[in-house]
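Survey of secondary and tertiary structure
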Amino acid sequence: MKPFLLLILALTLTACGSGSAGEGGVLLHQQYTVQMKEDFAKVEECTQLKGEPFETLHIEVHPYDFKCQWGSGFCSGEFREPNRIDISLTMSARHEFIHKILFDNTGDSDPDHKSPLFKQCQFVQ
Ligand SMILES: [Zn+2]
């Protein structure tokens, strides 16, 4: 066997690491969606209200606070009727879920946060 072929064989047999390299790009870990769905269920349980199924939500995740129609004009979370939620922080999702569930049950998402459910349920564990 020629030395060149021996070198290739040696490299093939001694390659370190396993698995394949990931493709480029930014991906949300699969657990992210699982966690969101669990948080939605916890908010439903806390509010004792049932929203439309989690799967009907359109959730968009932003890297930073994003332009919105409230307060300073930048938000870490926003619910837009009937089923869109934008968030930049995971913890904002529960707050927006409350808006969504209130909207599903009363037709009013309570943008002024008058419902006591915001205090009671957005940080529920
Ligand atoms: Zn709000």
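Fair warning: this is a prediction, and the values are worked out from it, not measured in the lab. (Residues numbered from 1 in each chain as written. Predicted model: local features only at pLDDT ≥ 70, side-chain atom pairs only at ≥ 80, totals over all residues.)

**Observations concerning the overall build of the protein chain**
Looking only at helices and strands, the protein chain features four helices and five strands. Along the protein chain, helices and strands appear, N-terminal first, in the series α-α-β-β-β-β-β-α-α. Here the protein chain holds 125 residues, and 21% of them are scored as buried. Here the analysis covers contacts within the protein chain between residues at least 6 apart in sequence; of these, 47% occur between residues at least 24 apart. (Helix = DSSP H or I, 4+ residues; strand = E, 2+ residues; numbered from the N terminus. Buried ≥ 20, exposed ≤ 12 C-beta atoms within 10 Å, placed from the backbone. Contact = placed C-beta atoms within 7 Å.)

**Here we look at the nonpolar core**
In terms of nonpolar packing, the biggest core is built from 14 residues, with Val-43, Ile-85, Ala-93, Phe-97, Ile-98 and Ile-101 touching the most fellow members. Elements with a contribution of two residues or more to this core: helix H2 (30-47), strand E5 (84-87) and helix H3 (92-106). Considering every element that reaches this core, the biggest residue donor is H3, with six residues. Every residue in contact with Phe-97, bar those within four places of it in the chain, is listed here: Asp-39, Phe-40 and Val-43. (Core = buried A, V, L, I, M, F, W, Y, C linked by C-beta atoms within 7 Å.)

**A short note on the sheet that holds strand E1 (residues 58-61)**
With mixed pairing, the three strands of this open sheet are ordered in space as E1-E5-E4. In the strand order of this sheet, the two ends are held by E1 and strand E4 (77-80), each with one partner. Averaged over neighbouring strand pairs, the angle between their axes works out to 15° when direction is ignored. Of the pairings in the sheet, the one linking E1 to E5 comprises four bridges and is parallel in character. Residue pairing across strands places His-58 opposite Arg-84, the latter belonging to E5. (Pairing = 2+ DSSP bridges. Axes fitted to C-alpha atoms, helices over the stretch in contact; angles between N-to-C directions.)

**Structural notes on the environment of Glu-45**
Here Glu-45 is to be found in helix H2. The class for Glu-45 is exposed, based on 12 C-beta atoms found within 10 Å. Glu-45 sits 76 residues away from Cys-121 along the chain, and the two C-alpha atoms are 9.0 Å apart.

**Observations concerning the packing of H2 against H3**
In contact at an axis separation of 9 Å, H2 and H3 are set at 55° when each is read in the N-to-C sense. With respect to each other, H2 and H3 are oriented oblique. As for how H2 packs across H3, the hand of that crossing is right-handed. On H3, the residues that touch Met-36, Asp-39, Phe-40, Val-43, Glu-44 and Thr-47 of H2 are Ala-93, Arg-94, Phe-97, Ile-98 and Ile-101. Its residues assigned to classes, the contact of H2 with H3 shows seven nonpolar, one polar and three charged. (Parallel < 35°, antiparallel > 145°, perpendicular 65-115°, else oblique. Left-handed = near helix turned anticlockwise from the far one by under 90°. Nonpolar A, V, L, I, M, F, W, Y, C, P; charged D, E, K, R; others polar.)

**With respect to the pairing of E4**
With four bridges joining them, E4 and E5 adopt antiparallel strand pairing. Pairing of Gly-77 across the sheet is with Ile-87, part of E5. Connecting the antiparallel pair E4 and E5 is a turn made up of three residues.

**Some words on H3**
In a regular helix each residue adds 1.5 Å, so 15 residues correspond to 21 Å; H3 covers 21 Å between its end C-alpha atoms and thus fits that length. Most of H3 is tucked away, with eleven of its 15 residues classed as buried. When we look at burial in H3, the residues that qualify are Ala-93, Arg-94, His-95, Glu-96, Phe-97, Ile-98, His-99, Lys-100, Ile-101, Leu-102 and Phe-103. The secondary structure elements touched by the buried residues of H3 are H2, E4, E5 and helix H4 (117-121). Positive phi shows up at Gly-107, right after H3, with a value of about 80°. (Expected span 1.5 Å × (residues − 1).)

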